[in-house]
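Per-entry structural report
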Amino acid sequence: MESKQVEPDPFNRNCGSRQVIDRIGDRWSVLVVLTLAHGGKRYGELAGHIDGISQKMLTQTLRGLERDGLVTRTVHASVPPRVDYALTDLGRSLLDLVSGLEAWATTHLAEVEASRARYDAR
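Report on the accompanying structure.

How each quantity is defined
One numbering rule holds for all chains: residues counted from 1, following each sequence as written. In keeping with the predicted nature of the model, local features appear solely for residues at pLDDT of at least 70, side-chain atom pairs appear and are counted solely at 80 or more, and the whole-chain, interface and lining totals rest on all residues. To get the side-chain values, take all heavy atoms of the structure and skip hydrogens and water. Each helix corresponds to a stretch of at least 4 residues labelled H or I by DSSP, and each strand to a stretch of at least 2 residues labelled E; elements are numbered beginning at the N terminus. In this scheme, a residue with accessible area under 20% of its type's maximum is buried, one over 50% is exposed, and one in between is partly exposed, where area comes from a 1.4 Å probe on protein chains only. Any pair of residues with heavy atoms lying within 4.5 Å of one another is described as a contacting pair. By definition here, a salt bridge exists when the distance from a side-chain nitrogen of Lys or Arg to a carboxyl oxygen of Asp or Glu is within 4 Å. When DSSP finds two or more bridges between two strands, those strands count as paired. Each cavity reported here is a set of points on a 1 Å grid over the protein atoms alone in which a 1.4 Å probe fits but cannot get out, each pocket an open set with protein on both sides within 12 Å along at least five of seven lines, and each lining residue one with an atom within 4 Å of a point. Grid points are joined across faces, edges and corners, and a volume is the space filled by probe spheres set on the points. Under the scheme applied here, ten amino acids are nonpolar (Ala, Val, Leu, Ile, Met, Phe, Trp, Tyr, Cys and Pro), four are charged (Asp, Glu, Lys and Arg), and all others, including Gly, are polar.

Notes on the environment of Thr 61
- By the element assignment, Thr 61 lies in helix 4 (residues 55-67).
- Judged by relative accessible area, which is 4%, Thr 61 ranks as buried.
- Remark: the alpha-carbon pair of Thr 61 and Phe 11, spanning 50 residues in sequence, is separated by 23 Å.
- Apart from the residues within four sequence positions on either side, Thr 61 is in contact with Asp 26, Trp 28, Ser 29 and Val 32.

Re the pattern of salt bridges
- Under the criterion given, the structure shown has three salt bridges.
- Residues Asp 68 and Arg 23 are paired through a salt bridge, measuring 2.9 Å at the closest nitrogen-oxygen approach. Separated by 45 residues along the polypeptide, Asp 68 in the loop between helix 4 and strand 2 (71-76) and Arg 23 in helix 1 (residues 16-25) bring together distant segments of the chain.
- A residue is classified by how much of its surface remains accessible, and Asp 68, at 31% relative accessible area, is partly exposed.
- Given the relative accessible area of 23%, Arg 23 is considered partly exposed.
- Here Arg 82 and Asp 84 are joined by a salt bridge, their closest N and O atoms 3.0 Å apart.
- Given a relative accessible area of 14%, Asp 84 falls into the buried group.

Observations concerning the sheet that holds strand 3 (residues 82-87)
- Spatially, 1-3-2 is the arrangement adopted by the three strands of the open sheet, whose pairing is antiparallel. Two strands close off the open sheet at either side, each with one partner strand: strand 1 (41-42) and strand 2.
- Taken together, the six bridges between strand 2 and strand 3 define a ladder with antiparallel strand orientation. Among the inter-strand pairings, His 76 is bridged to a residue of strand 3, identified as Arg 82.

Topic: the layout of surface pockets
- The computed volume of the largest pocket comes to approximately 170 Å³.
- In terms of lining residues, the largest pocket is bounded by Arg 27, Val 30, Leu 31, Leu 34, Val 98, Leu 101, Glu 102, Ala 105 and Thr 106.
- Counting only elements with at least two residues in the lining of the largest pocket, the list comes to helix 2 (27-35) and helix 6 (95-107).
- Residue composition of the lining of the largest pocket, by class: six nonpolar, one polar and two charged.

Set out below in structure tokens:
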């Protein structure tokens with residue numbers, strides 16, 4: 001008996017596509033992907049570039065991105081051990097999307113801040 005393929009539905013809380021959106025829509029994931037856009041980085045380089053991210057959150061984010069196949073983790077046999085993180089082909093396929101989000105946020109920042117000020121003044 002053949003199983004019927006169900007179309008992904010991100011509006012359904014039990015659908016795996018919702019988890020994918022949660023992963024790629026997470027602020028830390030977006031910033032990690034943007035940081036890795038121009039090549040692999042070591043953990044310390046990522047931590048130094050992404051202001052405000054805790055060690056715990058960076059580790060959790062990298063593990064999640066690796067689990068989802070968006071980032072690779074390469075351990076080099078050296079003393080001390082060296083670990084590099086890089087985008088996979090699947091991770092690079094997100095670059096247009098997250099770069100567009102970054103461009104929108106920076107282009108419209110003044111408008112958003114003005115709206116916030118008007119709202120907060122009420």
